[in-house]
Amino acid sequence: MFAVTQVQEIDFSGRRIYVKRDDLIHPQFSGNKARKFQYFLTHEFPDITKLVGYGSAQANSLFSLAVLAKLKGWEFDYYVSHISDYLLKHPQGNYLAALESGANIIPLDRLFDGFQDGTVPEDAPVMAAVTQYLVGIDGVIECGAQANPLPKLETFMAQLAAQAQEYELFIPEGGRCEYAQEGVETLAEEILQWTIAQQLERLIVFFPSGTGTTAVYLQQYFNRNASRQGLHIEVHTCSCVGGDEYLLAQFTQLCPQLSHYPKILNTGKKYHFGKLYLDCYRIWQRVCKAGIEFELLYDPIGFLVLEQALQHQYTPKDTILYLHQGGVLGNPSMLGRYQRKYPQA
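Just so you know, these numbers come straight off a predicted model, no measurement behind them.

Quick look at the overall build of the protein chain
Here's step 1: Scanning the protein chain for helices and strands turns up 14 helices and 12 strands.
Here's step 2: Look at the contacts in the protein chain between residues 6 or more apart in sequence, and 75% of them connect residues 24 or more apart.
Here's step 3: Summed over all atoms, the accessible surface of the protein chain reaches about 16,000 Å², with 49% contributed by carbon and sulfur.

This is the structure we're talking about:
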């Protein structure tokens, strides 16, 4: 489906490490999203005319799903909890690219506010899902000046998916589903063949995780196939969303076998998703000097954790392959936020 992505060497924290350039996999698919959505690109869905997804307004999956829908000739609805006034006035990054690709981006807060003001959604399942929450159920939070009830996005989408029409295809946030396995195994085989070509017996594949989908399916593939080649390949990762407990819970949902779980590392510091941290900004600036632009939301946490592991856990004999998962289209909006908060950095 996609060409094999290259591997480059860079200097980082006094060590030579390898970088798997999945950011170069396709100009319109962002790294790991190309892997996760490969199944939907390579298989036919004759009854599907609409794709439905959800997440944040600057998620890498937003643009990738918009491109997928465009290539398939489908409509595309994408639900978000909220779109900031700044982004509405200054569209950019994944949000802008998705709009230009035909995405219908639906903010949940405006949907509910509009419903209460008398603007009824034309889509019957959407109207039914909104009505259910307005009459009051578990899992709602307060929002807006009048404290209108607003469900958590994932909870609302689960209700909407349960009422899906036969022509609709729902994809979980970030592509966290069993269909991602096909594309991730293609990536795993590329890494396995590269390891053999380099005549390595051991390899550590490191990258930051959101839902942990790529990490679990990579480790599962390596456990089943690398040992047959006399190789030992470990997947090490770190949590960027919700902490280590959250990431472990995602592993459990995807795979019941503990031996296939990647090793989770951390620095001992809790990073809140989407929040700006000066140490993240500085390490991103430093690592990008190697000549590769890295993503500005996940990769800084990844490199902070990797640097600590290089200093205190890994040995000089350990070969490290960092997986660049793309996502740089979202950098302009993140960079603008950092520059406004830390103008002297």
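Back to the text.
What about the sheet that holds strand S1 (residues 7-12)?
Here's step 1: An order of S1-S2-S12-S9-S10-S11 is seen for the six strands of this open sheet, with the pairing classed as mixed. Two strands bound the open sheet, and with one partner strand each, they are S1 and strand S11 (263-264).
Here's step 2: Sheet analysis places strand S9 (residues 202-209) next to strand S10 (residues 232-239), joined by eight bridges and oriented parallel. Along S10, the bridge assignment pairs Ile204 with Glu234.

Here we look at the packing of helix H9 (residues 181-197) against helix H10 (residues 213-225)
Here's step 1: Remark: H9 packs on H10, axes separated minimally by 9 Å, with the N-to-C direction vectors making an angle of 55 degrees. Relative to H10, the element H9 lies oblique. H10 is crossed by H9, and the crossing has right-handed handedness. Touching Gln181, Val184, Glu185, Leu187, Ala188, Glu189, Ile191 and Leu192 of H9 are Thr214, Tyr217, Leu218, Gln220, Tyr221, Phe222, Arg224 and Asn225, all from H10.
Here's step 2: Among the residues making up the contact of H9 with H10, the classes are represented as nine nonpolar, four polar and three charged.

Re the pattern of salt bridges
Opposite charge on two side chains allows them to pair when their charged atoms are near.
Here's step 1: The final tally for this structure, using the stated rule, is 11 salt bridges.
Here's step 2: Arg35 serves as the salt-bridge partner of Glu190, at 3.2 Å between the closest nitrogen and oxygen. Of the two residues, Glu190 sits in helix H9 while Arg35 sits in helix H1 (residues 32-36), which places them 155 residues apart along the sequence. Each member of the pair, Glu190 as well as Arg35, carries the same accessibility label: buried.
Here's step 3: For the salt bridge of Asp85 with Arg110, the shortest nitrogen-to-oxygen distance reads 3.9 Å. One end of the pair, Asp85, is in helix H4 (residues 85-89); the other, Arg110, is in helix H6 (residues 108-116), with 25 residues separating them in the sequence.
Here's step 4: Judged by its relative accessible area of 46%, Arg110 falls in the partly exposed class.
Here's step 5: Ionic contacts of the salt-bridge type, sharing partners, join the residues Lys20, Asp22, Arg35 and Glu190 into one network.

What to know about the side chain of Thr237
Here's step 1: Mapped onto the fold, Thr237 is located in strand S10.
Here's step 2: Residue classification places Thr237 among the buried positions, given a relative accessible area of 0%.
Here's step 3: Polar side-chain contacts of Thr237 include one of 2.6 Å to the backbone oxygen of Phe207.
Here's step 4: Residue contacts for Thr237: discarding those within four places in its chain leaves Phe206, Phe207, Pro208, Ser209, Ala215, Leu247, Phe251, Pro262, Lys263, Ile264 and Leu265.

A look at the sheet that holds strand S4 (residues 75-80)
Here's step 1: On the basis of which strands lie adjacent, the open sheet formed by four strands has the order S5-S4-S3-S8 and parallel pairing. A single partner strand is all that each edge strand has here, and the edge strands are strand S5 (104-107) and strand S8 (168-170). Strand-to-strand twist in this sheet, taken as the mean axis angle between neighbours without regard to direction, amounts to 20 degrees.
Here's step 2: Bridge count for strand S3 (residues 50-54) against S4 is five bridges, and the pairing is parallel. The partner of Tyr54 across the bridge, within S4, is Tyr79.
Here's step 3: Along the sheet face, helix H3 (residues 60-72) touches S3, S4 and S5 and points at about 165 degrees away from the line of S4.

Some words on the nonpolar core
Here's step 1: One finds Phe206, Phe294, Phe303, Leu306 and Tyr314 to be the most contacted residues of the largest nonpolar core, which totals 34 residues.
Here's step 2: Counting only elements with at least two residues in this core, the list comes to S1, strand S2 (15-21), S9, helix H12 (278-288), helix H13 (299-312), strand S12 (320-324) and helix H14 (331-341).
Here's step 3: If you tally residues by element for this core, the top one is H13, at seven residues.
Here's step 4: The contact partners of Tyr314, leaving out residues within four places of it in the chain, are Ile204, Phe206, His236, Leu265, Leu306, Ala309 and Ile320.
Here's step 5: Counting 33 residues, the second largest nonpolar core, distinct from the first, contains Ala66, Val67, Ala98 and Ile105.

Quick notes on the pairing of S1
Here's step 1: Relative to S2, S1 is paired through six bridges, and the arrangement is antiparallel. Residue pairing in the sheet places Ile10 in a bridge with Ile17 of S2.

Some words on the packing of aromatic side chains
Here's step 1: In the structure shown here, the tally under the stated rule is 20 aromatic pairs.
Here's step 2: Judged by centre distance (6.1 Å) and plane angle (65 degrees), the rings of Tyr39 and Phe45 are edge-to-face. Each member of the pair Tyr39 and Phe45 is classed as buried.
Here's step 3: Residues Tyr79 and Phe156 carry aromatic rings whose centres are separated by 6.1 Å and whose planes lie at 55 degrees to one another, so their mutual orientation is tilted.

Thoughts on the environment of Ala290
Here's step 1: Tracing the sequence through the fold places Ala290 in the loop between H12 and H13.
Here's step 2: Residues Ala290 and Asp11 lie 279 residues apart in sequence; the distance between their C-alpha atoms is 6.9 Å.

Quick word on the packing of H12 against H13
Here's step 1: Put simply, H12 and H13 touch, their axes get as near as 8 Å, and they point 85 degrees apart. The pairing of H12 with H13 is recorded here as roughly perpendicular in orientation. Where H12 approaches H13, its residues Asp279, Cys280, Ile283, Trp284, Arg286 and Val287 are matched on the opposing element by Pro300, Ile301, Phe303, Leu304 and Glu307.
Here's step 2: Grouping the constituent residues of the contact of H12 with H13 by class yields eight nonpolar, no polar and three charged.

Conventions and cut-offs
- Residues numbered from 1 in each chain as written.
- Predicted model: local features only at pLDDT ≥ 70, side-chain atom pairs only at ≥ 80, totals over all residues.
- Heavy atoms only, no water.
- Helix = DSSP H or I, 4+ residues; strand = E, 2+ residues; numbered from the N terminus.
- Contact = heavy atoms within 4.5 Å.
- Areas by Shrake-Rupley, 256 points an atom, 1.4 Å probe, with all protein chains shown as cover.
- Pairing = 2+ DSSP bridges.
- Axes fitted to C-alpha atoms, helices over the stretch in contact; angles between N-to-C directions.
- Parallel < 35°, antiparallel > 145°, perpendicular 65-115°, else oblique.
- Left-handed = near helix turned anticlockwise from the far one by under 90°.
- Nonpolar A, V, L, I, M, F, W, Y, C, P; charged D, E, K, R; others polar.
- Salt bridge = Lys/Arg side-chain N within 4 Å of Asp/Glu carboxyl O.
- Buried < 20%, exposed > 50% of the residue type's maximum accessible area, 1.4 Å probe, protein only.
- Polar contact = N/O pair within 3.5 Å; in protein donor to acceptor, adjacent residues only side chain to side chain.
- Core = buried A, V, L, I, M, F, W, Y, C linked by side-chain atoms within 4.5 Å.
- Phe/Tyr/Trp six-rings, centres within 6.5 Å; stacked < 30°, edge-to-face > 60°.

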